[in-house]
Amino acid sequence: MIHVEHAVKEFKKIVKQPGLKGSINALFKPSVEIVTAVNDVSFDVNKGEIMGFIGPNGAGKSTMIKMLTGILYPTSGNITVAGYNPQKQRQQYVRHIGVVFGQRTQLWWDLPLSETFTVLKEIYQVETKRYQQRMGYLNEVLDIAPLMTSPVRTLSLGQRMRADLAAAMLHQPKVLFLDEPTIGLDVVVKDNIRKAIAQMNKNDETTIILTTHDLADIELLSHRIVMIDQGKRVYQGTLSDLKERFGKSKKIEFVISDMEQPIEQLLSQRFQQRGVQVYLENERGTLIVDRSIPSAIILKELLDLIAVKDISIKESDVESIIKEIYLTKASYE
Ligand SMILES: Nc1ncnc2c1ncn2[C@@H]1O[C@H](COP(=O)(O)OP(=O)(O)OP(=O)(O)O)[C@@H](O)[C@H]1O
Ligand SMILES: [Mg+2]
């Protein structure tokens, strides 16, 4: 359904030297720097699949979504969605997709929510009977009827997100793009939004790409994930594969009580050669250790080496696996 081949997106950024002189120079003789937001990314998404798109801030996720929806032109590479080229066939293409940017609403801000739906009905030429059917269904899934008479600007974030999702789904698109659909929501509302997404995916066989920083979204919704970092794809596969392949380590977290010691040096001398990864952030430290090494051995060595206030051992969960991938900037493909 979605086919992305060697997609690249470069942005030109004007770099300015500090101060007034720099500003004037930038005006007349701008020096341009190229930022590669998406760097040779390829992946496929099958019909009816939910693909989770993850990566740290600035990784290039939103840029990728904007290329997929046709808002941005790729610098190079090929993108096909539902058989369309999103840029060249934009007019026909938009009838088949729905888009939600969690950070920004697509709804008419000052008008009652119902007006947005009336306008969308016209834009997508949804006939009246079908429209009523669809609104009934969307109300069932997203409970939007009570919001209809309120101006959009008065809706809470959670209400607005429900309305945005319904608006994106009115014309029953084949593909739905969700850029951070659960951002800023409380746990209960997040849960409702996830259920609604899962239900729409199931009922309509909607193919969905979703970006998120909340790994629970991924665990509960995605069939597969693509992970990008600094514009590059670093992982593609299922979540269970990721756990299987990289969940072979455990995490020993500790709080250092005596910061006067040369801690970093002591720890890396002792541990790094043995394949134990050492991370320090102020008085907090983490060791990532292969599961086959008994914890008792590592703990004893650690306690002999430095003074520690507190200590805990954790089996690696998805969150720590992903954190490890982000931290080490490694490619795991
Ligand atoms: N219009 C633009 N002009 C210049 N640079 C841009 C533009 N849009 C994005 N970038 C840069 O491209 C990179 C990727 O940005 P993008 O918004 O795609 O990241 P992201 O993965 O969505 O991050 P986040 O998780 O914070 O939303 C960043 O370095 C960003 O500064
Ligand atoms: Mg983004």
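See the structure printed just above.
This report concerns the structure included in the present document. Keep in mind it's a predicted model, so treat the numbers as computed, not measured.

## Looking at the pairing of strand E8 (residues 224–229)
Now for step 1: Most of E8 is tucked away, with six of its six residues classed as buried.
Now for step 2: Here E8 shows two buried faces, one formed by Arg224, Val226 and Ile228 and the other by Ile225, Met227 and Asp229.
Now for step 3: With four bridges joining them, strand E3 (residues 50–54) and E8 adopt parallel strand pairing. Following the sheet pairing, Gly52 is matched in E8 by Ile225.
Now for step 4: Between E8 and strand E9 (residues 232–237), which pair antiparallel and follow one another directly, the connecting turn spans two residues, one of which, Gln230, has a positive phi of 50°.

## Topic: the side chain of Asn201
Now for step 1: Here Asn201 is to be found in helix H7 (residues 187–204).
Now for step 2: In this structure Asn201 touches Gly48, Glu49, Ile50, Thr206, Ile208 and His223, once residues within four positions along its chain are discounted.

## Regarding the site of ligand 1
Now for step 1: With respect to spatial proximity, the complete set of residues near ligand 1 consists of Phe11, Ala37, Pro56, Asn57, Gly58, Ala59, Gly60, Lys61, Ser62, Thr63, Glu180 and His213.
Now for step 2: Between ligand 1 and the protein, one listed contact pairs an oxygen atom with a side-chain N or O atom of Ser62 at 2.8 Å.
Now for step 3: Between His213 and ligand 1, the recorded distance is 2.7 Å, taken from a side-chain N or O atom to an oxygen atom.
Now for step 4: At three residues, the largest contribution of residues to the shell around ligand 1 is made by helix H2 (residues 61–69).
Now for step 5: When the residues that make up the shell around ligand 1 are grouped by side-chain class, the tally is four nonpolar, six polar and two charged.

## Examining helix H10 (residues 263–271)
An α-helix turns once per 3.6 residues; consequently, residues spaced three or four apart project the same way.
Now for step 1: Regarding H10, the residues found buried are Ile263, Leu267 and Phe271. Seen from one end, H10 has its buried residues packed into an arc of 25°, which puts them on one side.

## Some points on the pattern of salt bridges
Now for step 1: A full pass over the atoms with the stated rule returns 14 salt bridges.
Now for step 2: Salt-bridge contacts for Arg194 lead to Asp214; the nearest nitrogen and oxygen are separated by 3.1 Å. One end of the pair, Arg194, is in helix H7; the other, Asp214, is in the loop between strand E7 (207–211) and helix H8 (215–221), with 20 residues separating them in the sequence.
Now for step 3: Residues participating in the shared-partner salt-bridge network are Lys190, Arg194, Asp214 and Asp217.

Conventions we followed
- Residues numbered from 1 in each chain as written.
- Chains lettered and ligands numbered in written order.
- Predicted model: local features only at pLDDT ≥ 70, side-chain atom pairs only at ≥ 80, totals over all residues.
- Heavy atoms only, no water.
- Buried < 20%, exposed > 50% of the residue type's maximum accessible area, 1.4 Å probe, protein only.
- Helix = DSSP H or I, 4+ residues; strand = E, 2+ residues; numbered from the N terminus.
- Pairing = 2+ DSSP bridges.
- Contact = heavy atoms within 4.5 Å.
- Near = heavy atom within 4 Å.
- Polar contact = N/O pair within 3.5 Å; in protein donor to acceptor, adjacent residues only side chain to side chain.
- Nonpolar A, V, L, I, M, F, W, Y, C, P; charged D, E, K, R; others polar.
- Arc of directions from axis to C-beta.
- Salt bridge = Lys/Arg side-chain N within 4 Å of Asp/Glu carboxyl O.

From the geometry alone we can't say anything about function, so treat these as descriptive.
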